[in-house]
Amino acid sequence: NFGMRNTLLIMAGALACLAPSASAQTEAEPYAITADNILVDGGEVLQDGLIVIAGGKIVQVGLEADLRAGLHKDMPVLDHEGWLSAGLVAANGSMGLGSGVDDSTSAFTESLLVAESFNGDHSSVVAARKAGVTSFGLTTGRSNVAGGQGSFVKTDGAKVVNLRTHLTLCMGPPAIQSRRYPTSYSGAVNALEKRFAAGEGAFGAVTAGKLGVTIAVGARHEIDRAIRFCQKAELTGTLRGANRAGEFADRLAEAKLTVIMDAPVIGSPKWHTDSINSLAKAGVPFAFGLADSNAGAGSLRLGASLAVRAGLDRATAWRAITSTAATLAGGGKRAGRIAEGFDADIALWSGDPLSPMTRLESVYIDGALITEGN
């Protein structure tokens, strides 16, 4: 109805805005941040919490009442009146990549390292961090049956956390073309089966468990084919761009496959949020990405909010843009949570990050202030 649509439009505008930060902390020395609420992971929230940062890492997390007295008397402390969380994570994205990454002249470019073409200073990367995204899974497009090897990167320049995270496959359009082999789905499957059986290069790394695999899909029949292919080849991996994956939730759970999908936006069809809820009900890990979406980086937080409005529990929605996204992207041991030993990739908010009126105030990556609101 009109009232709900008006509310969502207000939400979209609010999520797009950045407010001035109260902080200018840029010191490399150890320091602490207190916050009214620290969103640790999912639904875990510390009220009146404190974190200590040293060497770009989070070294302590707890209640201010328990930790503040133990801080060195000269340690700088930023007192933030609002919420603190991990920086947002896009499960995949192509920000900062040039057009030369997708070589449409060859169906198999599995040796390509996508990070070698990553420009961390590109305007799209800058826009992502201004939306609170501190890291993402860098991936190729859909031009190849076996594309390049993706990476996990940060948004503060050309910083590569994990050089080789996954091999990208695509068994549908535009990877299958009439002007080059393979020219059909069956031909693509046959070619891939032979390469996995031979176990050489990137294909051998996948079967040995040293490299993940992501299959780009879209329509229902592509999702169905990808599931059957993975089961036959005994592969576990991630279906990317699978907005309708919820219709196959039980099969995905049985095959132990995970899903990266677009975050819902204002005006998304109901089946999109129904798909999200079906995956959650079946226990299929999923996260939101940007590589297959025309929406900007702000769609991650807005999408999580819309998913909650449509019935998804808040913890799962938050993890879909933080810890689960980091895990599926290949950075789960370093990003997406406020926890000891994790990188100090942090966002400071005026309020609850999933609230429609909350503003992003500051972004820190590896403990250094990268972006303030404007």
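The text that follows walks through the structure, step by step, so that each part is easy to find.

What counts, and at which threshold
Residues numbered from 1 in each chain as written. Predicted model: local features only at pLDDT ≥ 70, side-chain atom pairs only at ≥ 80, totals over all residues. Heavy atoms only, no water. Helix = DSSP H or I, 4+ residues; strand = E, 2+ residues; numbered from the N terminus. Buried < 20%, exposed > 50% of the residue type's maximum accessible area, 1.4 Å probe, protein only. Contact = heavy atoms within 4.5 Å. Lys, Arg positive; Asp, Glu negative; His and termini not counted. Charge placed at Lys NZ, Arg CZ, Asp CG, Glu CD. Core = buried A, V, L, I, M, F, W, Y, C linked by side-chain atoms within 4.5 Å. Pairing = 2+ DSSP bridges. Right-handed = clockwise from strand over helix to strand, strands pointing away.

### Let's talk about the overall build of the protein chain
When helices and strands are tallied, the protein chain shows 11 helices and 15 strands. Summarising its shape, the C-alpha atoms of the protein chain cover approximately 65 × 50 × 35 Å along the three principal directions. Taking all 374 residues of the protein chain together, the buried fraction comes to 56%. Considering only residue pairs separated by 6 or more positions, the protein chain has 66% of its internal contacts joining residues 24 or more positions apart. For the protein chain, the centre of its 33 positive side-chain charges and the centre of its 36 negative side-chain charges are spaced 8 Å apart.

### Regarding the nonpolar core
Judged by nonpolar contacts, the single largest core of 78 residues is most densely connected at L192, F229, L252 and F288. Apart from residues no more than four positions distant in its own chain, L252 is found in contact with I227, L239, A245, L257, V259, L279 and V284. Grouped together as the second largest cluster of nonpolar side chains are 18 residues, I33, I51, I338 and L369 included.

### Here's the deal with the pairing of strand β11 (residues 258-262)
The buried fraction of β11 is high, at 5 of 5 residues. Relative to β11, strand β10 (residues 238-240) runs parallel, the two being bridged by 3 bridges. Note on β11: the bridge partner recorded for R240 is I260. In this fold, the crossover linking β10 to β11 by way of helix α7 (residues 249-255) has right-handed handedness. Direction of pairing for β11 relative to strand β12 (residues 286-289): parallel, over a ladder of 4 bridges. Pairing of I260 across the sheet is with A287, part of β12. Between β11 and its parallel partner β12, the chain crosses via helix α8 (residues 270-282), and the hand of that crossover is right-handed.

### Section: the environment of K130
Relative to the elements of secondary structure, K130 occurs in helix α3 (residues 123-130). The exposure class assigned to K130 is partly exposed, which follows from its relative accessible area of 37%. In the structure, K130 is positioned 213 residues away from D343 in sequence and 18 Å away in space, judged by C-alpha atoms.

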